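# Architecture at a glance
Read off the chains here:
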Amino acid sequence: MSFGPIPEKWRKALGPALASEDARALSEWLEAEEAAGKLVYPPVGLRLNAFALTAPEDVKVVILGQDPYHGPEQAHGLAFSVPEGVKQPPSLANIFKELEADCGTARPASGNLERWARQGVLLLNNTLTVEAAKAGSHARRGWEAITDAAVLAVAERSDPCVFVLWGSHAQAKAGRIPALGNSEKHLVIASPHPSPLSAHRGFFGSRPFSRANDFLREHGVKPIDW
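Residues numbered from 1 in each chain as written. Predicted model: local features only at pLDDT ≥ 70, side-chain atom pairs only at ≥ 80, totals over all residues. Heavy atoms only, no water.

Per an unreviewed UniProt entry, the chain goes by Uracil-DNA glycosylase and derives from Qipengyuania atrilutea. UniProt, in the comment section headed Catalytic activity (unreviewed entry), describes the chain in these words: "Hydrolyzes single-stranded DNA or mismatched double-stranded DNA and polynucleotides, releasing free uracil." In its Function (unreviewed entry) section, the UniProt entry covering the chain states "Excises uracil residues from the DNA which can arise as a result of misincorporation of dUMP residues by DNA polymerase or due to deamination of cytosine." (UniProt positions renumbered as here; feature names shortened; annotations may be inferred.)

Below, the structure written as structure tokens:
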């Protein structure tokens, strides 16, 4: 399949969804798109990168995005993150601006969020591929069932978790996962997307980073070094 290998620790959660007829159809469609000369981001080996860097039992925070960046060299399988040396896209710049206002943390020079992922932040997009220069182009092609399975696996654990929902796509996804509604176990932080088109409608000032860490501390979990 054109997804790359399933990280071993996620096989139980993702195996059924990735073995489905819908997933097979998605894989064949991706292969056909690339065979027709279309650029698809990220490359095959990075499409499940969020799962490779954050094991299900280690997840403390889930940050949900829409789909990967659609510019050259930007997407590497982690929502809102870019590889070392790549200019920070506007949404990520706004995330760092809110981080500075919320926690007093200086805005990082690098847009690579692997450091967050290795601490237990699952940086997950609703759709895990996109055609170059065409945002949303791979929506409703089959990725949603796979990423739903990942979110459900985290939400159904006994451990408390913070779910950060930025934008309408992330919030719609949460509506499909009833286990997220358990307010006694999980914290859900919902706000507009950090895009320049919507950040001023309530993303700025939402304080997701300090709120997440306060919740983790209250439940005896080591907070994230944002």
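Picking up where we left off.
## Some details on the packing of aromatic side chains
Inspection of the entire model under this criterion finds 10 aromatic pairs. The cationic tip of Lys97 hangs over the ring face of Phe204; the distance from NZ or CZ to the ring centre is 5.0 Å. (Phe/Tyr/Trp six-rings, centres within 6.5 Å; stacked < 30°, edge-to-face > 60°. Lys NZ or Arg CZ within 6 Å of the ring centre and 35° of its normal.)

## Re unusual backbone geometry
Tyr41 connects to Pro42 through a cis peptide bond whose omega is -15 degrees. Its location among the elements puts Pro42 in the loop between β1 (40–41) and α3 (49–53). The phi torsion at Glu73 lies on the positive side, around 65 degrees, for a residue other than glycine. Residue placement: Glu73 occurs in the loop between β2 (61–65) and α4 (90–103). Classification of Glu73 by relative accessible area gives exposed; the value is 63%. (Helix = DSSP H or I, 4+ residues; strand = E, 2+ residues; numbered from the N terminus. Buried < 20%, exposed > 50% of the residue type's maximum accessible area, 1.4 Å probe, protein only.)

## Concerning the environment of Arg201
Locating Arg201 in the fold gives a position in the loop between β6 (187–191) and α8 (208–218). With relative accessibility at 66%, the residue Arg201 sits in the exposed group. Distance from Arg201 to Glu73, taken between C-alpha atoms, is 29 Å for residues 128 residues apart in sequence. Looking at Arg201, its side chain comes within polar contact range of the main-chain oxygen of Leu197, at 3.2 Å. (Polar contact = N/O pair within 3.5 Å; in protein donor to acceptor, adjacent residues only side chain to side chain.)

## Considering helix α1 (residues 11–18)
Every buried residue belonging to α1 is among Leu14, Ala17 and Leu18, and all of these are buried. Down the axis of α1, the buried side of the element spans an arc of 90 degrees, and every buried residue falls inside it. Opposite the buried face of α1, by more than 90 degrees, sit the exposed residues Lys12 and Pro16. (Arc of directions from axis to C-beta.)

## Section: the environment of Arg24
Mapping Arg24 onto the fold places it in helix α2 (residues 21–35). By relative accessible area, Arg24 is classed as partly exposed at 34%. The residues contacting Arg24, other than those within four sequence positions of it, are Met1 and Ala19. (Contact = heavy atoms within 4.5 Å.)

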